[in-house]
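Take a look at the letters that make up each chain.
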Amino acid sequence: MSYIIRPWALTDLKAIMRLIRESASFHKALDQVKTTPEMLRDDGFGKEATFGCLVAEAPPEQTSKEGDTIVGYQFHYLTYCTWDGHILFGEDLYVRPDFRGKGIGSSLLAKAAKIALAKGCSQLRFISANWNQPATDFYTRLGAVNVTSRDKWNLCCIDKEDLQKLVEQARK
Ligand SMILES: CC(C)(COP(=O)(O)OP(=O)(O)OC[C@H]1O[C@@H](n2cnc3c(N)ncnc32)[C@H](O)[C@@H]1OP(=O)(O)O)[C@@H](O)C(=O)NCCC(=O)NCCS
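The shown structure was predicted, so the numbers you read here are calculated from the model rather than taken from an experiment.

### Quick look at the site of the ligand
So, point 1. Taken together, 17 residues lie around the ligand, and Val95, Gly103, Gly105, Ser106 and Asn132 are the ones closest in.
So, point 2. Residue Leu93 places a main-chain N or O atom 2.9 Å away from a nitrogen atom belonging to the ligand.
So, point 3. A distance of 2.9 Å is found between an oxygen atom of the ligand and a side-chain nitrogen or oxygen belonging to Arg141.
So, point 4. In the complex, 72% of the free accessible area of the ligand, which totals 860 Å², lies under the protein chains.
So, point 5. Contributions of two or more residues to the shell around the ligand are made by β4 (85–95), α3 (104–118) and α4 (133–141).
So, point 6. The element best represented in the shell around the ligand is α4, accounting for 5 residues.

### A look at the pattern of salt bridges
So, point 1. Taken as a whole and judged by the stated rule, the model has 10 salt bridges.
So, point 2. One salt bridge in this structure joins Asp42 and Arg41, with 3.0 Å as the shortest N-O distance.
So, point 3. Two residues, Glu66 and Lys65, come together in a salt bridge whose shortest N-O distance is 3.0 Å.
So, point 4. Residue classification places Lys65 among the exposed positions, given a relative accessible area of 80%.
So, point 5. Three or more residues joined by partner-sharing salt bridges are found here, namely Arg18, Glu22, Lys65, Glu66, Asp68 and Arg96.

### A word on the sheet that holds strand β2 (residues 52–57)
So, point 1. Across the sheet, 5 strands lie side by side as β1-β2-β3-β4-β5; this open sheet has mixed pairing. Only two strands of the sheet have a single partner each, and these edge strands are β1 (4–7) and β5 (124–126). Taking each pair of neighbouring strands and ignoring which way they run, the sheet shows an average axis angle of 30°.
So, point 2. Looking at chain direction, β4 and β5 are connected through 3 bridges and run parallel. Residue pairing for β5: Gly90 is matched across the bridge by Phe126.
So, point 3. The strands touched by α3 are β1, β2, β3 (70–81), β4 and β5; relative to β4, the strand with the most contacts, the crossing angle is about 165°.

### Details of the pairing of β3
As a general feature of sheets, a regular strand has side chains that alternate between the two faces.
So, point 1. Here 6 bridges tie β2 to β3, and the two strands are oriented antiparallel to one another. Each bridged residue has a counterpart across the sheet, and for Leu54 the counterpart in β3 is Gln74.
So, point 2. Strand direction decides the pairing type here: β3 and β4, joined by 9 bridges, are antiparallel. Note on β4: the bridge partner recorded for Tyr80 is His86.

### Concerning α3
So, point 1. The end-to-end C-alpha distance of α3, which contains 15 residues, comes to 21 Å, matching closely the 21 Å that a straight helix rising 1.5 Å per residue would cover.
So, point 2. All of the buried residues along α3 are Ile104, Gly105, Leu108, Leu109, Ala112, Ile115 and Ala116. Buried residues of α3, seen end-on, are gathered within an arc of 135° and therefore sit on one face of the element. Counted as exposed and oriented over 90 degrees from the buried face of α3: Lys114, Leu117 and Ala118.
So, point 3. Packed against the buried residues of α3 are β1, β2, β3, β4, β5 and α4.
So, point 4. Looking one or two places after α3, you find Gly120, whose phi comes out positive at around 75°.

Parameters at a glance
Residues numbered from 1 in each chain as written. Predicted model: local features only at pLDDT ≥ 70, side-chain atom pairs only at ≥ 80, totals over all residues. Heavy atoms only, no water. Near = heavy atom within 4 Å. Polar contact = N/O pair within 3.5 Å; in protein donor to acceptor, adjacent residues only side chain to side chain. Areas by Shrake-Rupley, 256 points an atom, 1.4 Å probe, with all protein chains shown as cover. Helix = DSSP H or I, 4+ residues; strand = E, 2+ residues; numbered from the N terminus. Salt bridge = Lys/Arg side-chain N within 4 Å of Asp/Glu carboxyl O. Buried < 20%, exposed > 50% of the residue type's maximum accessible area, 1.4 Å probe, protein only. Pairing = 2+ DSSP bridges. Axes fitted to C-alpha atoms, helices over the stretch in contact; angles between N-to-C directions. Contact = heavy atoms within 4.5 Å. Expected span 1.5 Å × (residues − 1). Arc of directions from axis to C-beta.

Set out below in structure tokens:
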């Protein structure tokens, strides 16, 4: 099957939003999706765009019932490591079920790798669910190392509510 990998365009917003929701469903976390097409437009195309997105586009004869040809996507943004300098962080990688196993996921990741190198990054970093063995195998084959096992790092976050508490506590 022929497909192209390209940076996303404003016209892809609706399709990307749909795939983000599909990816979240796959991760049993659809209720956690708070982003809207407007947020993605402002954060992805505004003056201070905070992320980039690659899309995999199928030929017109593969147009979905929703009326688009976007069959996969990869989100990424620059972050910084005090030990290593620039790092490209891969947020989501998703290919629609009917289009898997055709090289699209590997092509999206390879294009992200190219962007990482062009931006002088020392690595491409991403998170993968520990129950998602097919994805773990896929990433391992492409050279990824599980740093949670190797380096014993925990991924931590402070949610908005607790951020607020932290700010209020500091004021006291
Ligand atoms: C993981 C994923 C992005 C791979 O995309 P893809 O287009 O199927 O990847 P490719 O065709 O380049 O490579 C597929 C390889 O992975 C394996 N694979 C992993 N998951 C697969 C799946 N669900 N369906 C088909 N092949 C899968 C295949 O065996 C194949 O191996 P091979 O290259 O030795 O033949 C895709 O399966 C997907 O979107 N899965 C659901 C979401 C997900 O797990 N995302 C990654 C974690 S955030």
